[in-house]
Amino acid sequence: MPIHPAARDQAGAVVVTGMGATTSLGGDVASTWSAMLAGKSGVRLLADDWAQALPVRIAAPAAVDPASVVGRVQARRLDRCEQLALVAARQAWQDAGPPQVAPERLAVCVATGIGGLSKTIEAYQTLNERGWSYLSPYTVPMMMPDGAASWISIELNARAGVHSPVSACASSTEAIGYAMTLIRSGRADVVVAGGTEAPIISLTVAAFTQIRALSYRNDEPERASRPFDAGRDGFVLSEGAGIIVLESAEHAARRGAAGYAVAAGAGYSSDAHHLTQTDPEGTGPACAIRAALADARIGPEHVVHINAHATSTPYGDAAEAAAIRRALGESASRPVVSATKSMTGHPLGGAGAIESIAAICALRERVAPPTINLEEPDPAITATGITLSSEPRELSTRPGTAVLTNSFGFGGHNVTLVFTTGGAGR
């Protein structure tokens, strides 16, 4: 039965009709979600030669090599982040029906934080060692930040627009919010949206190590990412992609498509505080949360679950807890707050889309995934009154029909999305 949203009138409603993902926990949505509920970690010790020279030697690579899925020939034309995106997009498109939609009414909005960096470095090495004539003719498409979105648009024949927001670790969340705008404004009926990242290379690991952003727990990789825990010491780089198909409720209803959830609200703000650190008071993130709730036309009392940005950094996690309290007020203890980066690691620009999918799964199954490695919650965080859990938490007994997902990025980017049940669905 198709969703008939309650969050806004039928003419302006946006529904999620398809989902796809490939992460450090699994090669699709089902395996990723199952691993989350089981509290599994995708973090491991790196065996690469380049990693042995660095003080941080852990990361969370994709559980399934995307090159093995897209095929050897096509893989040679794509950066790894593009491969991941294409895998997730194909899954989402098939999961959605696939929709029968005119090319002029179909758009793509797929983001990345740093894009095809691995192939850029590889091409530079080839240039220096062998000369310009040995460069692949696909070097430029592999370097382009909008490469993933462009490949998807070509495969799906999407002609209503191809977009690729770049806003650091908030990139894919912003892409989904922009996709909602495309549909609400009447510029598209269907948008394939999300994000991707493949940052596990020597330069990226070394650069994030240099600014002391990463965990140094090489001797216990699975316990390294520990959001909200008193012993957290930084995040763990990971790779992956999350893609969803967004559709106007009218279009979905016409083709009899059932939706997973209503994409009900999006909120944005900027910190104007520091290039790499969140405002410790959480003022900017709180503004984004409030704006998203206002856009969804619901109050804080309707929120049952929050998939937090929580990367496992000392400053960031505390600031987010303060922001949730600031934004939700007396309702701050009502939702169960989960930090799934404790399991997936942090796929930078791909994080928000993967976490949106996790939030939608939580809403659909009425269970919040755990935050693993939460052995000693930080007293400063628990003092805010937010509800944390190291185990899966049933949501069926909690009144409310909305979930939030937060994403914050270097440069002061803050984006919050709201998903609601809005009526009957899958």
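All of these numbers come straight from a predicted model, not from anything done at the bench. (Residues numbered from 1 in each chain as written. Predicted model: local features only at pLDDT ≥ 70, side-chain atom pairs only at ≥ 80, totals over all residues. Heavy atoms only, no water.)

(A) Broad picture of the nonpolar core. Counting 47 residues, the largest nonpolar core has Val-16, Met-19, Val-191, Leu-246 and Phe-419 as the members making the most contacts within it. The element best represented in this core is helix H14 (residues 351–365), accounting for 8 residues. Not counting residues within four places of it along the chain, the set of residues in contact with Met-19 comprises Val-29, Gln-91, Ala-92, Asp-95, Ile-243, Ile-244, Tyr-260, Ile-357, Ile-360 and Cys-361. If you look at the next biggest cluster of nonpolar residues, it comprises 33 residues, including Leu-293, Ile-306, Leu-404 and Val-418. (Core = buried A, V, L, I, M, F, W, Y, C linked by side-chain atoms within 4.5 Å. Buried < 20%, exposed > 50% of the residue type's maximum accessible area, 1.4 Å probe, protein only. Helix = DSSP H or I, 4+ residues; strand = E, 2+ residues; numbered from the N terminus. Contact = heavy atoms within 4.5 Å.)

(B) The arrangement of the sheet that holds strand E6 (residues 190–197) in detail. Taken in spatial order, the 11 strands of this open sheet run E5-E4-E6-E7-E1-E8-E15-E14-E9-E10-E12, and their pairing is mixed. Looking along the sheet, the strands with just one partner apiece sit at the ends: strand E5 (162–163) and strand E12 (387–388). In terms of strand pairing, strand E1 (residues 14–22) meets strand E7 (residues 240–248) through 8 bridges, oriented antiparallel. Following the sheet pairing, Ala-21 is matched in E7 by Gly-242. Seen against the sheet, helix H4 (residues 80–95) touches E1, strand E4 (106–111), E6 and E7 and runs at an angle of roughly 135° to E1. The strands touched by helix H12 (residues 314–328) within the sheet are strand E9 (303–307), strand E10 (336–338) and strand E14 (402–409), with E14 carrying the most contacts at an inclination of about 135°. (Pairing = 2+ DSSP bridges. Axes fitted to C-alpha atoms, helices over the stretch in contact; angles between N-to-C directions.)

(C) Unusual backbone geometry, seen in detail. Following Gly-97, the chain continues into Pro-98 via a peptide bond in cis, with omega recorded as -10°. Following the sequence through the fold, Pro-98 ends up in the loop between H4 and E4. Residue Ala-272 is not a glycine yet carries a positive backbone phi of 50°. Here Ala-272 lies in the loop between strand E8 (261–270) and helix H11 (283–296). Positive phi, close to 60°, is recorded for Arg-366, a residue that is not glycine. Counting through the fold element by element, Arg-366 comes out in the loop between H14 and strand E11 (367–368).

These figures capture arrangement, not role.
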